[in-house]
Amino acid sequence: MRSAEVGRVDLSLAGRDVRLVGWVHRRRKLGGLSFVDLRDRSGVLQISIGPEWSSPETIEAVGSLGPEDVVCVRGVVRERPEEARNPDMATGDVELRATALEVLNRARTPEIPVYLSPEEELPSEKLRLRHRVLDLRRGELQECLALRHRILLTVRRYFDRRGFLEIETPILTKPTPEGARDFLVPSRLHRGEFFALPQSPQLYKQLLMVAGLDRYLQIARCFRDEDLRADRQPEFTQIDVEASFVEPGDIYRWCEGLMAELAPLAGIGAETPFRRMSYREAIESYGSDRPDLRHGYPIADLTPVLGGLGSTILRRAVAEGGRIRGLRLSGGARLTRRQIGEIEDAAKAAGAPGLLWAKISEGGATGPLGRFFRDDTGARLGMEAGDLLLAAAGADRVTSPALAAARSAAISALPPPMVVEDAWLWVTDFPLFEEADDGALAANHHPFVQPHPDDIHLLDSDPLSVRGMAYDLVYNGAELGSGSIRPHDAELQTRILGLLGVEPDEIAVKFGFLLEALGSGAPPHGGIALGADRLVAQLAGRASLRDVIAFPKTTTARASFEGAPTPVAFDELAALGIVPK
């Protein structure tokens, strides 16, 4: 039906008779000529219709065309006159002089307009998600999906060259310990029993290592029933990797090589090896386990200098075992009270009661904190005239997230010089456990992380001090993936589950199949799961995952374009054993 794609027509086809198909993007009339912008996935081309080269039927057909009508156009490619060229279009040097036009399908008036560039004003996202088919006709979204295709194709080729086998794991699985986040699937054949959709293929890929498959890859669909954010969806895709007889360095090397191949697809850099930073250092210096290292503004411990000032708030925080930590912003004194207030609001939203601040000038220090400064306080802090100090006092668990939020807000308000354009980072040595709200132990990553060999002796006496052999890949402050080396000894895995409060009977029911496999001769193994949606969004420079997923859910976890989820009839629920007949 077509002899060329619309966006591929160029001067090399000048003088050629071609047949094109696509959608009517715009139509306009100028004197005795009509022009149609014809669009397909490859781009847009101007079609000109005039009495000198177009049939009367074609001229008549053009007059009835509406937006998004589907047409087939035949004509001759001509070079545009110099004054008529459009440098903003990839096909702007040529046009198609239509000799014939056939309407393949009429379109009703579109509920939302279809745009070509991100500069044009868009309808609300709610409306665009309702009419997702029309929204997906936008060039920028099609480019995102094309980039996603190229990224996943490169992933498969990359790991294939390194001996990985792509193996599918079940979608209908056993409910996980975090069952409240599972999507449950009732079994019609086994009334009253349920499958779960997998939150990840974690246990299956470990079983594949025990089975001797050695190197595994899966572009895995995963499901999690939780509240949504811009970087979360209830169904998502992981680039899932596992290998036997590996150490963390092997995973780092493979992932760095992969990112070095993926980055050029999006026109960004990925200089290897990536920087490595321990979890403890990341929290101490940036308040976050996924710090954005493109800019400066590290967090500093200010206790030795500020702890002795006359501030009751600071003295009390130190007396109660806390610290005074803060950010020194070069040139920050030019920020207004309103801007400082917005930074403080970000810290409060992250859990801090507030921030103290001081501006340094030639005449001394001002501000709620500055009034306590002595003559040498600014110099002892390494500050100069024109600088701003932001400080938080208290326990690290409060000040770390607050200062991380303040740092992000400060970078937006007062961008410091960029240290590096593309900041790739490995955060390593995560704690094996964390303390839950009720004081019990909880897994920091998940229960299937090998303790650091230097810390195993602390498992019973000081479990919160035990580091795990876990690592996260971070890009420009976004976590792209998380992984670890796994316990391959059944006794150690059972011990970890016990420390997490899982009773022996429950361990047998929920994890008996894994422990049985580990006891059959499991190799040391480990891996990583990279978030495919998040990776594509970051490389494409998109703020929302919804821009890189063809049919995403809304922020209320609904598929508004198809009207899901929906109620189910009572007799269907009865047939599944969910309600009595």
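Structure first, text after, so check above.
Quick caveat: nothing in here was measured; it's all calculated off a predicted structure. (Residues numbered from 1 in each chain as written. Predicted model: local features only at pLDDT ≥ 70, side-chain atom pairs only at ≥ 80, totals over all residues. Heavy atoms only, no water.)

**Brief notes about the overall build of the chain**
- Of regular secondary structure, the chain possesses 16 helices and 22 strands.
- If one aligns the C-alpha atoms of the chain with their principal axes, the spans along those axes are about 90 × 75 × 50 Å.
- Counting contacts in the chain only where the partners sit at least 6 residues apart, residues at least 24 apart contribute 68% of the total.
- Carbon and sulfur atoms form 51% of the exposed surface of the chain, whose accessible area is close to 28,500 Å².
- The distance from the centre of the 70 positive side-chain charges to the centre of the 83 negative ones in the chain is 4 Å. (Helix = DSSP H or I, 4+ residues; strand = E, 2+ residues; numbered from the N terminus. Contact = heavy atoms within 4.5 Å. Areas by Shrake-Rupley, 256 points an atom, 1.4 Å probe, with all protein chains shown as cover. Lys, Arg positive; Asp, Glu negative; His and termini not counted. Charge placed at Lys NZ, Arg CZ, Asp CG, Glu CD.)

**Considering the sheet that holds strand 2 (residues 33–40)**
- In spatial order, the strands read 1-2-3-5-4; together these 5 strands close into a barrel with mixed pairing. Strand-to-strand twist across the sheet, computed as the mean angle between neighbouring axes with direction ignored, equals 55°.
- Both strand 1 (residues 17–30) and strand 2 contribute to a ladder of 7 bridges, which runs antiparallel. Among the inter-strand pairings, Lys29 is bridged to a residue of strand 2, identified as Ser34.
- Helix-sheet contacts for helix 1 (residues 56–63) involve strand 1, strand 2, strand 3 (43–49) and strand 5 (94–105), and the interaxial angle to strand 5 is about 70°. (Pairing = 2+ DSSP bridges. Axes fitted to C-alpha atoms, helices over the stretch in contact; angles between N-to-C directions.)

**Some thoughts on the packing of helix 4 (residues 139–161) against helix 15 (residues 532–540)**
- Two numbers describe how helix 4 lies on helix 15: the axes approach to 10 Å, and their chain directions differ by 120°. It follows from the interaxial angle that helix 4 and helix 15 lie oblique. Like other packed secondary-structure pairs, helix 4 and helix 15 cross with a definite hand, here right-handed. Facing helix 4, whose interface residues are Cys144, Leu147, Arg148, Ile151 and Leu152, helix 15 presents Ala532, Asp533, Leu535, Val536, Leu539 and Ala540.
- Class assignment for the residues of the contact of helix 4 with helix 15 results in 9 nonpolar, no polar and 2 charged. (Parallel < 35°, antiparallel > 145°, perpendicular 65-115°, else oblique. Left-handed = near helix turned anticlockwise from the far one by under 90°. Nonpolar A, V, L, I, M, F, W, Y, C, P; charged D, E, K, R; others polar.)

**A closer look at the packing of aromatic side chains**
- According to the stated counting rule, one finds 11 aromatic pairs in the structure shown.
- Each ring, one from Phe448 and one from Phe511, has its centre 5.8 Å from the other, and the planes form 65°; the classification is edge-to-face. Of the two residues, Phe448 sits in the loop between strand 19 (441–443) and strand 20 (470–475) while Phe511 sits in helix 14 (residues 504–518), which places them 63 residues apart along the sequence. The exposure classification of Phe448 matches that of Phe511, with both residues buried.
- Linked through ring pairs, Tyr158, Phe159, Phe164 and Trp254 together constitute an aromatic cluster.
- Here the guanidinium or amino end of Arg97 rests over the ring plane of Trp53, the centre of that ring lying 4.4 Å away. (Phe/Tyr/Trp six-rings, centres within 6.5 Å; stacked < 30°, edge-to-face > 60°. Buried < 20%, exposed > 50% of the residue type's maximum accessible area, 1.4 Å probe, protein only. Lys NZ or Arg CZ within 6 Å of the ring centre and 35° of its normal.)

**Let's talk about the pairing of strand 10 (residues 235–244)**
- For strand 10, the tally of buried residues reaches 9 of 10 residues, placing the bulk of the element in the interior.
- With 9 bridges connecting them, strand 9 (residues 215–223) and strand 10 associate as antiparallel partners. Residue Cys222 lies in a different strand from strand 10, and its bridge partner there is Phe236.

**Structural notes on the sheet that holds strand 21 (residues 478–485)**
- Taken in spatial order, the 8 strands of this open sheet run 6-9-10-22-21-20-17-11, and their pairing is mixed. Each edge of the open sheet carries a strand with a single partner, namely strand 6 (165–166) and strand 11 (275–278).
- Judged from the 4 bridges that link them, strand 11 and strand 17 (residues 424–428) form a sheet pairing that is parallel. Residue pairing across strands places Met277 opposite Val427, the latter belonging to strand 17.
- Packed on one face of the sheet, helix 5 (residues 202–210) meets strand 9, strand 10 and strand 22 (525–531) and runs near 25° to strand 10.
- Along the sheet, helix 6 (residues 248–262) makes contact with strand 9, strand 10, strand 11, strand 17, strand 20, strand 21 and strand 22, crossing strand 22 at roughly 30°.

**Concerning empty space enclosed by the protein**
- Going through the model one piece at a time under the given rule, you end up with 1 cavity of 30 Å³ or more.
- By volume, the largest cavity amounts to about 40 Å³.
- Take the lining of the largest cavity: its biggest share by element is 3 residues, from strand 9.
- Considering only residue class, the lining of the largest cavity consists of 6 nonpolar, 3 polar and 1 charged. (1 Å grid on protein atoms, 1.4 Å probe; cavity = no way out; pocket = protein on both sides within 12 Å on 5 of 7 lines; lining within 4 Å. Points joined across faces, edges and corners; volume = space filled by probe spheres on them.)

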